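Chain by chain, the residues run as shown.
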There are 2 protein chains.
Amino acid sequence: MSRFENRTLTLRDVSEASGVSEMTVSRVLRGRGDVSQATREKVLQAAKSLGYVPNKIAGALASQRVNLVAVIIPSMSNMVFPEVLTGVNSVLENTELQPVVGVTDYLPEKEEKVLYQMLSWRPSGIIIAGLEHSDASKAMLKSTNIPVVEIMDIDGEPIDSAVGISHQRAGRHMAQAILEAGYRKIGFLGTKMPLDHRASKRFDGFKEALSKADIKILDHEFYSGGSALAKGAQMTQEILKRTPDLDFLYYSNDMIGAGGLLSLLEIKKSIPREIGLAGFNGVELLEGLPLKLATMDACRFEIGKIAAEIISNRVAGKKDTYDRITALKPKLDLGDTLKT
Amino acid sequence: MSRFENRTLTLRDVSEASGVSEMTVSRVLRGRGDVSQATREKVLQAAKSLGYVPNKIAGALASQRVNLVAVIIPSMSNMVFPEVLTGVNSVLENTELQPVVGVTDYLPEKEEKVLYQMLSWRPSGIIIAGLEHSDASKAMLKSTNIPVVEIMDIDGEPIDSAVGISHQRAGRHMAQAILEAGYRKIGFLGTKMPLDHRASKRFDGFKEALSKADIKILDHEFYSGGSALAKGAQMTQEILKRTPDLDFLYYSNDMIGAGGLLSLLEIKKSIPREIGLAGFNGVELLEGLPLKLATMDACRFEIGKIAAEIISNRVAGKKDTYDRITALKPKLDLGDTLKT
DNA sequence: ATGAAAGCGCTAACAT
DNA sequence: ATGTTAGCGCTTTCAT
């Protein structure tokens, strides 16, 4: 292509090719208005024919501005976080800002590392899942003077601001709906993940609401790893073998709930009469099952969207349009598996 | 925290706090060996107590090295690309390199934009899905002198190197397996996505192998948008209403295949006797269905892993351990829905 | 509307 | 083992 095989092109190359100063080239390329039409065209033409791509590293260093937003999430592989990202993207697409994603695998040490990495790029904002962080992570987040939005959860004190739902409340509400429907012998099935604080909070809220009605969970089952659908089926069989008189199963996520649902349909259980089921998340993916699983929408897209709006507003210097804590209200969907 | 609320800390601050030159601080922080134990500790201590986070922007500019690998994929929301990313991560985790992901939504113009954005950060390597790119994208990829690995597909000429499977071959093989099993009245169900070249190639290969046996697809159905599970169910009902004597349905992905499978079980079709089914991708997510859908593994994790290895080897200056084109062989899994 | 000079915060290369 | 100097490729600021 070019004669310079071993280095990338610089402003200077475009400057020489177009016979205009580097400064003016820079102005044209950043789309600033104060350049004559004639020079603008000359420069654009030269840049294009050379195949010049600006160096953001140098630009960022000089301008002290990095149009990156760090998004730190625990996982990529379940349905929930990709949808949060879609929400983030939907907003950032229309701005100069660009999301950069880091994954923590639910490990605080990894969160710490990822956060440090991200901060070392001096992003314009941080969106990070959860309110629970290691001391070191908290220290980093606090001492930074860029906007920080903690997402998904609002049961706790945010460092800067937070957008999410109350998982305790979500658990309570599901319990109340189950009790109202007349179910009394309730089992819980979830992940063996002490570090998934939001799942724990849902479980806590759930048990709390039950105990107000003097009901206790009759049995529970936890899993880790493996295909969620298969695990859901397997755990369901096991919990029912051990405690056959259960009349309701609350699953900590829709995927294992769907596995349970399918396995119960196969053995011809009558749902929701004989046994009721509910999951959590509202994953659209699962629409199309023979019966629609009762669930609660976690407002994932909305959370991503609002978080990105907060960052983008702050970066633009506008005053906040959201409160320090934005509490979204998850909608309960009874589906076909929670009798009314 | 610190007295300097409005600027982030620099090497200079650490240098002053520790009474050591900036250069030595830099050496310590980059973990280079040529520093005495005493100074090393002094510096580390100072950096930690100040809460110093290095500025990679400046470091990258000075060293002309950016430890970023751009990963450009069409979508985040289906199961396939997150798993590729997991493969990429599994390798890059053990290196200095860090993946940065860009999403194109299967749109060539967006790919062009994302690629330009990525290149402007001067990454150390590029992993990009597919072999089909706009002329401008190709020009950018060609004129770059960093390693470029095109992934998922090998039916075509790579710019630099490629890792993937032949989707034409995958389609052919599935067709052969179906024919061998004795099915003759075959329907196809897929996405209405002319820009998903890999799906098209599978379809082409599939039709080609059928026509060698003088068989033509009896009917087909395309969809776009919506929940894949639900769409699969719906399309299946429709194609069978229109062409009731179909004895096999080939789905362009496992998700719609699963939807079809569930809907056929519900109307008590005998699978695989009365009608056979197959999908594509081998999504682990679906293990746990009442019947295991026949499918073909797309080697997603492996593809990501090898692509990252190629980049990481090249960056390390080692000579290539993989060929220009690495053809992975997808395994056919007959499951329970393709009779033998 | 255009240009010249200075410097962003680091690191390479060369002292000592 | 440690320090000094000179940039990296841009943008800011100040001239013209």
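Just so you know, these numbers come straight off a predicted model, no measurement behind them.

## Brief notes about the relation of the copies chain A and chain B
Then, number 1: For the pair chain A and chain B, the superposition axis carries a translation of 0.1 Å, the fit reaches an RMSD of 0.2 Å, and the rotation angle comes to 180°. The superposition of one copy onto the other is thereby described by a two-fold rotation axis. If distances are taken from each C-alpha of chain A to the rotation axis, the shortest is found for Ile57(A), at 2.9 Å.

## Some points on the interface of chain A and chain B
Then, number 1: Counting from both sides, the interface comprises 49 residues of chain A and, opposite them, 48 residues of chain B.
Then, number 2: Taken together, both faces of the contact between chain A and chain B bury some 4,400 Å²; the carbon and sulfur share is 64%.
Then, number 3: Of all residues in chain A, Ile57(A), Trp121(A) and Arg122(A) bury the most surface against chain B, accounting for 16% of the area lost on that side.
Then, number 4: The interface formed by chain A and chain B holds 2 salt bridges in total.
Then, number 5: The salt bridge involving Lys110(A) is made with Glu93(B); its shortest N-O contact spans 2.6 Å.
Then, number 6: Counting every contact that joins chain A to chain B gives 16 residue pairs in polar contact (both at pLDDT 80 or more).

## Describing the domain arrangement of chain A
Then, number 1: Each assigned domain of chain A is listed with its residue range as follows: domain 1 (8–52) and domain 2 (167–296).
Then, number 2: One C-alpha centre belongs to domain 1 of chain A, the other to domain 2 of chain A; they are set 62 Å apart.

## Here's the deal with the protein's contact with DNA strand C
Then, number 1: Taken together, the neighbourhood of DNA strand C is formed by 25 residues, with Ser21(A), Arg27(A), Ser26(B), Tyr52(B) and Arg65(B) sitting nearest.
Then, number 2: Within 4 Å of the protein, the atoms of DNA strand C are drawn from sugar and phosphate moieties in a proportion of 65%.
Then, number 3: One of the backbone nitrogen or oxygen atoms of Ser36(A) is found 2.9 Å away from a phosphate oxygen of DNA strand C.
Then, number 4: One of the backbone nitrogen or oxygen atoms of Leu11(B) is found 2.9 Å away from a phosphate oxygen of DNA strand C.
Then, number 5: Of all the secondary structure elements, the ones that give two or more residues to the surface near DNA strand C are helix H2 (22–29) and helix H4 (56–63) of chain A together with helix H2 (22–29) and helix H4 (56–63) of chain B.
Then, number 6: Looking at which element gives the most residues to the surface near DNA strand C, the answer is H4(B), with 4 residues.
Then, number 7: Split by residue class, the surface near DNA strand C holds 11 nonpolar, 10 polar and 4 charged.

Conventions and cut-offs
Residues numbered from 1 in each chain as written. Chains lettered and ligands numbered in written order. Predicted model: local features only at pLDDT ≥ 70, side-chain atom pairs only at ≥ 80, totals over all residues. Heavy atoms only, no water. Least-squares fit on C-alpha atoms with pLDDT ≥ 70 in both. Contact = heavy atoms within 4.5 Å. Buried area = accessible area lost by both parts, 1.4 Å probe. Salt bridge = Lys/Arg side-chain N within 4 Å of Asp/Glu carboxyl O. Polar contact = N/O pair within 3.5 Å; in protein donor to acceptor, adjacent residues only side chain to side chain. Domains from an automatic or database assignment. Near = heavy atom within 4 Å. Helix = DSSP H or I, 4+ residues; strand = E, 2+ residues; numbered from the N terminus. Nonpolar A, V, L, I, M, F, W, Y, C, P; charged D, E, K, R; others polar.

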